[in-house]
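# Tertiary structure, described
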Amino acid sequence: MLGNALLLALRELRRNVMRSFLTMLGIIIGVGAVIILVTLGNGATQQVTEQIASLGSNLLMVTPGKRMGPGQSSAAPSFKLADAEAIARETSSLKTVAPVSSRGVTAIYANENWSTSVTGSTEEYFTVGNRHIKKGRMFTASDARLGTAVCVIGETVRAKLFDRQGPIGQHIRLNKLSCEVIGLLESKGQSTMGTDQDDLIIVPLRTFQRRIAGNEDVSMIQVSVKDGYSTERVKQEIGRLLRTRRHLSANEDDNFNVMDMKEIANMLSGTTRMMTGLLGAVAAVSLLVGGIGIMNIMLVSVTERTREIGTRLAIGALEREVLLQFLVEAVVLSSFGGIIGIVFALVASVGLTGIMKVPFVFNMPIVLIAFLFSAAVGVIFGYFPARKAARLDPIEALRYE
Amino acid sequence: MMNTSLIELRGVTKTYGTGTAAMQALRGVDLCIAQGEFVAVMGASGSGKSTCMNILGCLDTPTTGIYHFQGVEVGTLTRNQRALLRRHYLGFVFQGFNLLNRTSALENVELPLIYRHFSPATRHPQARRALAQVGLTGWEHHTPGELSGGQQQRVAIARAIVTQPIVLLADEPTGNLDSARSIEVMELLTSFNRDQGITIVMVTHEPDMAAFAKRVVHFRDGLIEKDHHNHVG
Ligand SMILES: Nc1ncnc2c1ncn2[C@@H]1O[C@H](COP(=O)(O)OP(=O)(O)O)[C@@H](O)[C@H]1O
Ligand SMILES: [Mg+2]
């Protein structure tokens, strides 16, 4: 009986190829969107995770605020330079500690200006971040102590402000601060997250605090653990130290975070996962819209084919056979649309991952789910029109003009 | 049961609508048709011919009265049981042909066989044979749009007889055809009645067409007014 219904349905769809295709379009787009989004999301997640892991597992980031969820933290008192110094002094097995603060700024040189961000830190920053000087020098301990108006710039900033001429020794303006360019960083290119790692200006922390921020805050402390030492132990030590320094009583939660790179990777991929989920929901809605499109066309088709249905009933088709035929038509439409959508999405994903330089991650469960979902859409949205066809009165249907 | 009638109507009435809008299309029809008869049904427009045909074809049931088809009381059957009766014993030819458009003649003729769950291996030759019987060999793969009205009606006749029904019901089968095509159709029907013993009940307005039948039943205002046999040849 199902074989019969399939035969009749296929003949029907072949009879109206163009309309069949247009009907499938909604499903094709819905399924395609789901798979493209999930594939790109998975690729990005995998890339972020891999790249962060490759940064080294011995890096810790200490930030103020309570951790709440992916990418969220509540407000809490920020750190001071003394916190960083205390960590450096009182924690064992550390390589370096770099306090970091940054904010957006417009850098001006002669007639050129460029919106970028300025970071205040110590010379340790270069060690932790693995940044090397290409030309000139980095700041010295005395620059840091005195808060002199000097800066090190990235390649992007150099390119935007200085045409052909060498930047070293020139003065650029950062808000009200005029500072001398003493060094140019070696280029590092784009980061995992797509940000330009050469679009930055680094000034001594003291200079940043006094001349740019106007406060003593340190927004993050980067800590690099000596090779071969447990980051877990160091995290606990820093935690205990900061709890005392921030006067937290035993029943209070930490109001700061000590994260290693693995956790940061998890947090970021959590964010991508959430984004993927959200976009997936949007795509699911478009799949529903595709289903409604199928229902609409099936209803039109039932009306148009009223006489034909009358003929089938007169010839002796049972109610359930007519129902099954139309249901199978809807399911064939939707699942065939699903298959086209899957193929189209996989091809597009290969192309897009290539362009976006993220790995192509083939996700079989999603492909199966998308297919089953599209078939289900056919059953759900095909049922009502099919029932309408099956319940027609043969006499009236035969008379229908 | 008690007699040999294939079709037996006893006091059949049919009322459409209710209350003041009620319209009695049949007012008590008695009619017996035996196996192998060729009956023409005549009468003015609105006299109840089609209503009667729908009841005979098990597409509808009487409001009151009894319809026995092969001894079975059709009025007591469910919609699906009546569909099965049609599938196995009846063939229909309509005024408007009612072929599936954009579907080849062969596939149209196959349709009743598909509902009888015949395999493609038996279905195809049987449908071809039926098309050959109506003189359409070579036209199997033409769609209705590519066929003339006369050819379309012959495809429809092939579709009706491909299952070798006991009764063929035709409501104004020549209504949309010119007289030459009409005569071809009548000759086909006559041959199926004569050679295969298929019982035929046919509605027509034209005495020329009714002349092909062995028996003519006249309807008037929902009643049978006259019922006589033709004396052919
Ligand atoms: N479905 C229906 N609803 C209401 N009245 C109908 C319906 N079908 C037929 N009639 C009425 O019943 C009468 C007989 O119709 P019909 O059997 O079609 O006549 P004929 O085929 O002899 O022209 C007509 O007056 C027609 O208007
Ligand atoms: Mg009529």
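Residues numbered from 1 in each chain as written. Chains lettered and ligands numbered in written order. Predicted model: local features only at pLDDT ≥ 70, side-chain atom pairs only at ≥ 80, totals over all residues. Heavy atoms only, no water.

## A few points about the overall build of chain B
Counting its regular elements, chain B contains seven helices and 10 strands. Expressed along its principal axes, the backbone C-alpha trace of chain B runs to roughly 50 × 40 × 40 Å. Relative to its 233 residues, chain B shows a buried fraction of 55%. Once local pairs closer than 6 in sequence are excluded, the contacts in chain B between residues at least 24 apart make up 68%. Accessible area for chain B stands at about 9,900 Å²; split by element, carbon and sulfur atoms hold 52% of it. Separation of charge centres in chain B, based on 21 positive and 20 negative side chains, amounts to 6 Å. (Helix = DSSP H or I, 4+ residues; strand = E, 2+ residues; numbered from the N terminus. Buried < 20%, exposed > 50% of the residue type's maximum accessible area, 1.4 Å probe, protein only. Contact = heavy atoms within 4.5 Å. Areas by Shrake-Rupley, 256 points an atom, 1.4 Å probe, with all protein chains shown as cover. Lys, Arg positive; Asp, Glu negative; His and termini not counted. Charge placed at Lys NZ, Arg CZ, Asp CG, Glu CD.)

## Remarks on the site of ligand 1
Close contacts around ligand 1 come from A:Arg399, B:Tyr16, B:Met23, B:Ala25, B:Ala44, B:Ser45, B:Gly46, B:Ser47, B:Gly48, B:Lys49, B:Ser50 and B:Thr51, and that covers them all. Nearby residues place ligand 1 at the junction of chains A and B. A distance of 3.2 Å separates a nitrogen atom of ligand 1 from a polar side-chain atom of A:Arg399. Here an oxygen atom of ligand 1 sits 3.3 Å away from a polar atom, N or O, in the main chain of B:Ser47. Taken together, the elements giving at least two residues each to the shell around ligand 1 come down to strand E2 (23-34) and helix H1 (49-56) of chain B. Ranked by residue count, the leading element in the shell around ligand 1 is H1(B), at three residues. Its residues assigned to classes, the shell around ligand 1 comprises four nonpolar, six polar and two charged. (Near = heavy atom within 4 Å. Polar contact = N/O pair within 3.5 Å; in protein donor to acceptor, adjacent residues only side chain to side chain. Nonpolar A, V, L, I, M, F, W, Y, C, P; charged D, E, K, R; others polar.)

## Brief notes about the pairing of strand E1 (residues 5-16) of chain B
Residue and element names in this part refer to chain B. Two elements, E1 and E2, share nine bridges in a ladder whose sense is antiparallel. Counted as the bridge partner of Ser5 is Ala34 from E2. Between E1 and the antiparallel strand that follows it, E2, lie six residues; Gly17 among them carries a positive phi value of about 75 degrees. Both E1 and strand E4 (residues 64-69) contribute to a ladder of five bridges, which runs antiparallel. What sits directly across from Leu9, in E4, is Tyr67. (Pairing = 2+ DSSP bridges.)

## Overview of the nonpolar core
In this structure, A:Val31, A:Ile35, A:Ile309, A:Val322 and A:Phe326 are the most contacted members of the largest nonpolar core, which totals 43 residues. Broken down by secondary-structure element, the contributors of at least two residues to this core are helix H1 (2-15), helix H2 (17-55), helix H9 (261-304), helix H10 (306-315), helix H11 (319-356) and helix H12 (364-390) of chain A together with helix H3 (105-115) of chain B. The greatest single-element share of this core, amounting to 11 residues, is contributed by H11(A). (Core = buried A, V, L, I, M, F, W, Y, C linked by side-chain atoms within 4.5 Å.)

## Quick look at the interface of chain A and chain B
On the chain B side, the residues contacting the 27 residues of chain A number 26 residues. It is A:Arg11, A:Arg15 and A:Ile315 that lose the most area in chain A upon contact with chain B, and together they represent 25% of the buried surface on that side. Here chain A is connected to chain B by five salt bridges. The interface formed by chain A and chain B holds 15 residue pairs in polar contact (both at pLDDT 80 or more) in total. Looking at the side of chain A that touches chain B, the elements that each hand over two or more residues are H1, H10, H11 and helix H13 (394-399) of chain A. (Buried area = accessible area lost by both parts, 1.4 Å probe. Salt bridge = Lys/Arg side-chain N within 4 Å of Asp/Glu carboxyl O.)

## Overview of the domain arrangement of chain A
Taken domain by domain, chain A consists of domain 1 (2-51 + 266-399) and domain 2 (77-254). The centre of domain 1 of chain A, based on its C-alpha atoms, is set 53 Å off from the matching centre of domain 2 of chain A. (Domains from an automatic or database assignment.)

## Quick look at the sheet that holds E1(B)
Residue and element names in this part refer to chain B. Pairing in this open sheet of four strands is antiparallel, and the strands run E2-E1-E4-E5 from one edge to the other. Both edges of this open sheet fall to E2 and strand E5 (72-73), since each of them pairs with a single strand only. On the sheet, H1 packs against E1, E2 and E4 and is oriented at approximately 125 degrees with respect to E1. (Axes fitted to C-alpha atoms, helices over the stretch in contact; angles between N-to-C directions.)

## Quick notes on the packing of aromatic side chains
Residue and element names in this part refer to chain A. Under the defined criterion, the tally for this structure stands at six aromatic pairs over all chains. For the pair Tyr109 and Phe162, a centre-to-centre distance of 4.4 Å together with 45 degrees between the ring planes defines the contact as tilted. Residue Tyr109 is found in strand E5 (residues 94-109), and its partner Phe162 is found in the loop between helix H6 (155-161) and strand E9 (171-174); the two are separated by 53 residues along the sequence. Given the relative accessible area of 13%, Tyr109 is considered buried. (Phe/Tyr/Trp six-rings, centres within 6.5 Å; stacked < 30°, edge-to-face > 60°.)

## Topic: the environment of A:Leu241
All names here are of chain A. As for its position among the elements, Leu241 is in helix H8 (residues 231-245). Overall, Leu241 belongs to the buried group, its relative accessible area being 12%. Here Leu241 is in contact with Ala86, Ile87, Glu90 and Thr91, once residues within four sequence places are set aside.

## Let's talk about the sheet that holds strand E10 (residues 223-229) of chain B
All names here are of chain B. Within the open sheet, the six strands sit side by side as E6-E7-E8-E3-E9-E10. Their pairing is mixed. Each edge of the open sheet is held by one strand with a lone partner, namely strand E6 (90-93) and E10. Averaged over all pairs of adjacent strands, the angle between strand axes in this sheet comes to 15 degrees, irrespective of strand direction. Sheet topology note: the strand E9 (residues 215-220)/E10 ladder contains six bridges and is antiparallel. Each residue of the ladder has a partner; that of Val217, found in E10, is Asp227. Together, E6 and strand E7 (167-171) form the strand contacts of helix H2 (residues 79-89), whose direction differs from that of E6 by roughly 85 degrees.

## Description of the side chain of A:Ser349
Residues and elements named next belong to chain A. Here Ser349 is to be found in helix H11. For Ser349, a relative accessible area of 0% translates into the label buried. With near-sequence residues (within four places) excluded, Ser349 lies in contact with Ile35, Ile36, Thr39 and Phe360.

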